[in-house]
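Chain and residue survey
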Amino acid sequence: MRLSELTHPNQLHGLSTAQLEDVACQIRERHLQVVSQSGGHLGPGLGVVELTLALYQTLDLDIDRVVWDVGHQAYPHKLITGRYEDFHTLRQQKGVAGYLKRSESTFDHFGAGHASTSISSALGMALARDQRGEDFKCVAVIGDGALTGGMALEAINHAGHLPETPFLVVLNDNDMSISPPVGALSTYLNRMRLSPPVQFISDSVQESVKNLPFIGGELPEELKSLKGSVRRLAVPKVGAVFEELGFTYMGPIDGHDISGMIRTFQSAHRVGGPVLVHVVTTKGKGYPYAEADQVGYHAQSAFDLTTGKSLPSKSPKPPSYSKVFGQTLVKLCEQDNKVVGITAAMATGTGLDLLQKAVPDQYIDVGIAEQHAVTLAAGMACEGLKPVVAIYSTFLQRAYDQLIHDVGIQNLPVSFVLDRAGIVGADGPTHQGQYDISYLRSVPNFTVMAPKDESELQRMLVTCLEHDGPIALRIPRGSGEGVPLMEEGWEPLKIGRGELLMEGDDLLIVAYGSMVPPAIKTAEILNKIGVHSTVVNARFLRPLDQALIHPLARRIGRVVTMEEGALAGGFGAAVIESLNDQDLLVPTMRIGIPDQLVHHASPQQSKESLGLTPSQMADRIRKRFGIGSSETLIGEGTSKSLTS
């Protein structure tokens with residue numbers, strides 16, 4: 001069987017173990033080939049190749065439902081469900097998505113980019129099936145790292161109380177999330193890995209008892225508990241928790257033994273109630289570099305397959321915002337032992353891995369548990385610590401109630417650093433940090449700000465720690481602007497004060513955060529056609545610098561706001577509301593992300609499709625207000641737009 005000939009996973013049915021192992025080799029080869037060229041998630045998919053093939057041997061994918069948690073480990077699933085030919089377009093504009101996507105394939109039964117959702121959604125499908133009187137299997141595949149998420153535990157609690165609902169949870173246990181998992185659950189699973197496999201010993205006991213001369217036939221009522229009792233003796237002590245929660249536990253089993261997994265999954269399907277199959281896999285399996293560095297090879301940019309090393313950048317880049325944040329926080333922690341950095345399983349992505357190495361006593365990783373991270377920080381703040389919670393913008397959405405209820409209402413001094421705010425590129429709609437401006441605007445007592453560059457980020461971080469109340473700052477993905485940085489001695493900003501960067505009489509541009517540098521470039525383009533702009537770096541979304549913005553808006557009479565976030569309820573909306581409250585009815589144009597999803601593409605491609613490049617913005621402004629020369633300059637960017 002050639003992988004390129006597979007268009008439906010049911011074509012795998014009936015293949016021998018040797019044939020399936022050959023398909024597994026082909027999957028890994030294709031996976032490595034594509035990701036090494038285009039970048040993407042590597043280790044998660046390599047680790048579940050055999051698991052995917054074995055599980056699908058026991059399912060009819062025309063009717064059965066499989067939900068993969070997060071989805072970045074589902075590349076093998078994509079390769080055997082008709083996307084082999086297009087797989088080279090992975091994570092590219094209009095290509096194959098990096099996560100599961102219901103609109104992409106009928107085999108993608110549930111899409112998600114955030115962890116811990118699979119058990120809930122698959123259980124929902126199972127309950128809908130039973131309500132309609134239908135007959136198909138529902139399976140959730142979840143990693144051990146995602147099992148730390150409260151939502152997964154809530155779903156397990158619910159499913160365990162539905163003994164008549166056939167439902168299978170496959171625990172893909174590779175002792176890894178993006179970074180090594182933490183907490184009691186991780187320790188618990190480590191102990192389980194060392195336990196002997198558990199099969200249906202109680203079934204054979206039941207058969208033996210039934211064959212006794214004085215019993216025969218069915219077990220009498222007084223002996224029916226024998227099966228469960230014997231089974232509990234057979235389950236390792238550490239595996240009994242799942243049994244106590246109402247699941248039949250099977251495992252741990254070798255996640256790279258195809259024939260063993262097929263037998264186990266077949267047995268699991270026959271149980272008739274909630275079952276958890278514990279499968280132990282190796283993240284990065286089959287590629288030595290990925291096996292040796294499971295954190296570094298969770299996801300990779302383009303790399304050399306032979307050496308495993310990332311391909312060098314064509315030109316040197318300034319340090320990333322995340323790295324600057326991490327380095328600055330290390331310095332601040334060294335100077336003040338009350339400062340504590342908190343991450344929710346994203347140490348490397350947020351730059352807190354630097355703090356973990358340098359000042360481990362002031363570093364906390366709570367696992368995939370954003371809600372807990374926020375309220376934990378609130379408790380610390382009650383006792384005089386200065387917690388800094390670093391979470392991706394898209395993931396902080398999961399803790400919105402905690403932001404309001406536990407931090408905002410109580411006016412606690414917790415600092416939030418929202419990484420990956422704005423357009424993030426190839427991860428697509430689930431990861432775009434386009435909503436935080438809108439969702440933070442209304443949280444009580446919060447101060448909200450965004451830096452124009454990495455130097456201002458350093459000052460804002462100091463501002464956070466000196467502020468007596470909840471405060472948040474957003475930072476974009478990728479490299480900084482390349483401005484000079486200070487090693488220490490940063491001065492805090494005055495809360496609610498913006499910055500005047502350019503002056504002109506024809507147009508007022510008020511930009512927020514990462515849109516400040518493009519705003520300056522836009523103003524320079526407009527200047528060439530006779531439109532002279534005043535450019536303000538707002539710095540603060542809340543409180544807005546009305547003392548700076550209002551007089552300029554009144555004098556100039558035309559206002560443009562720029563933000564790398566959703567326009568609905570965003571920064572531009574805040575400016576318009578502020579002007580309206582003072583009866584300043586000034587023509588105002590908002591530039592940002594319209595009410596639409598931003599699909600996977602490079603950040604530059606996304607910005608071009610949204611009209612957010614300087615040349616495009618200059619052209620839009622000229623047309624909106626009817627100002628400047630009608631001359632259209634041709635240059636880099638869109639051919640029919642103004643450009644520098």
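Keep in mind it's a predicted model, so treat the numbers as computed, not measured.

Okay, the nonpolar core next. Residues Leu-42, Leu-55, Val-66, Trp-68, Leu-168, Phe-265 and Val-277 are the most contacted members of the largest nonpolar core, which totals 52 residues. It is helix α1 (residues 17-38) that contributes the most residues to this core, seven residues altogether.

On to the sheet that holds strand β15 (residues 507-511). Strand pairing in a sheet relies on backbone hydrogen bonds, with the paired strands running either antiparallel or parallel. Strand order in this open sheet of five strands is β14-β16-β15-β18-β19, and the pairing throughout is mixed. If you trace the sheet from one side to the other, it starts and ends with β14 (499-502) and β19 (588-593), each paired once. Across the sheet, the axes of successive neighbouring strands diverge by a mean angle of 25°, strand direction being ignored. Bridging between β15 and strand β18 (residues 559-566) involves four bridges; their strand directions are parallel. Across the sheet, residue Leu-508 finds its bridge partner in β18, namely Val-559.

All right, on to unusual backbone geometry then. A cis amide bond, omega -5°, links Gly-251 with the succeeding residue Pro-252. Note the cis peptide between Arg-542 and Pro-543, where omega equals 0°. Its place among the elements puts Pro-543 in the loop between β17 (540-542) and α22 (546-556). Phi at Ser-116 is positive, roughly 75°, even though this residue is not glycine. Here Ser-116 shows up in the loop between α4 (75-79) and α5 (118-132). The residue Asn-445 is not glycine, and still its phi comes out positive at about 70°. Relative to the helices and strands, Asn-445 is located in the loop between α19 (436-441) and β12 (447-449).

All right, on to the side chain of Asp-427 then. Mapped onto the elements of the fold, Asp-427 is located in the loop between β11 (415-419) and α19. The buried category is assigned to Asp-427, whose relative accessible area is 12%. Side-chain polar atoms of Asp-427 contact the side chain of Arg-91, separated by 2.7 Å. Asp-427 has contacts with His-41, Arg-91, Tyr-99 and Arg-477, leaving out every residue within four places of it along the chain.

Before going further, it helps to examine the packing of helix α13 (residues 321-335) against helix α20 (residues 454-466). Contact pair α13 / α20: the axes reach a minimum separation of 10 Å and the direction vectors enclose 40°. When the axes of α13 and α20 are compared, the pair comes out oblique. Considering only the axes of α13 and α20, their crossing is right-handed. Each of Tyr-321, Val-324, Phe-325, Thr-328, Leu-329 and Leu-332 in α13 lies in contact with α20, whose residues at this interface are Glu-454, Leu-457, Gln-458, Leu-461, Val-462 and Leu-465. When grouped by side-chain class, the residues that make up the contact of α13 with α20 number nine nonpolar, two polar and one charged.

Mapped onto the elements, Gly-478 comes out in the loop between β13 (471-474) and β14. Sequence separation between Gly-478 and Ser-322 is 156 residues, and the spatial gap between their C-alpha atoms is 7.8 Å. Not counting chain neighbours up to four residues away, the residues in contact with Gly-478 comprise Ser-320 and Tyr-321.

Turning our eyes to something else, we now look at the packing of aromatic side chains. The tally for this structure, following the rule as stated, stands at ten aromatic pairs. For the ring pair Tyr-75 and Phe-87, a centre distance of 5.8 Å and an interplane angle of 75° mean the geometry is edge-to-face. With a gap of twelve residues between them, Tyr-75 in helix α4 and Phe-87 in the loop between α4 and α5 connect regions that are remote in the sequence. The same class applies to Tyr-75 as to Phe-87, namely buried. Among the aromatic residues, ring-to-ring pairing joins Tyr-287, Tyr-289, Tyr-297 and Phe-303 into one connected group. The positively charged end of Arg-30 is found above the aromatic ring belonging to Tyr-84, 4.7 Å away from the centroid. Above the ring of Phe-136, the side-chain terminus of Arg-65 is found at 4.1 Å from the ring centroid.

Time to look at the sheet that holds strand β10 (residues 386-392). Read across the open sheet, the seven strands follow the order β9-β8-β10-β11-β13-β12-β17; overall the sheet is mixed. Each of the sheet's edge strands pairs with one partner strand only, and the pair in question is β9 (363-365) and β17. Taking the axes of each pair of neighbouring strands and ignoring which way they run, one obtains an average angle of 20° across the sheet. In the sheet, strand β8 (residues 339-343) pairs with β10 via five bridges, with the strands oriented parallel. Bridged to Ile-342 within β10 is Val-389. In this fold helix α16 (residues 370-382) packs onto β8, β9, β10 and β11, with an angle of close to 165° to the strand it touches most, β10. Each of β8, β10, β11, β12 and β13 is contacted by α20, which is oriented at about 165° to β13, the strand it contacts most.

Rules and cut-offs
Residues numbered from 1 in each chain as written. Predicted model: local features only at pLDDT ≥ 70, side-chain atom pairs only at ≥ 80, totals over all residues. Heavy atoms only, no water. Core = buried A, V, L, I, M, F, W, Y, C linked by side-chain atoms within 4.5 Å. Buried < 20%, exposed > 50% of the residue type's maximum accessible area, 1.4 Å probe, protein only. Helix = DSSP H or I, 4+ residues; strand = E, 2+ residues; numbered from the N terminus. Pairing = 2+ DSSP bridges. Axes fitted to C-alpha atoms, helices over the stretch in contact; angles between N-to-C directions. Polar contact = N/O pair within 3.5 Å; in protein donor to acceptor, adjacent residues only side chain to side chain. Contact = heavy atoms within 4.5 Å. Parallel < 35°, antiparallel > 145°, perpendicular 65-115°, else oblique. Left-handed = near helix turned anticlockwise from the far one by under 90°. Nonpolar A, V, L, I, M, F, W, Y, C, P; charged D, E, K, R; others polar. Phe/Tyr/Trp six-rings, centres within 6.5 Å; stacked < 30°, edge-to-face > 60°. Lys NZ or Arg CZ within 6 Å of the ring centre and 35° of its normal.

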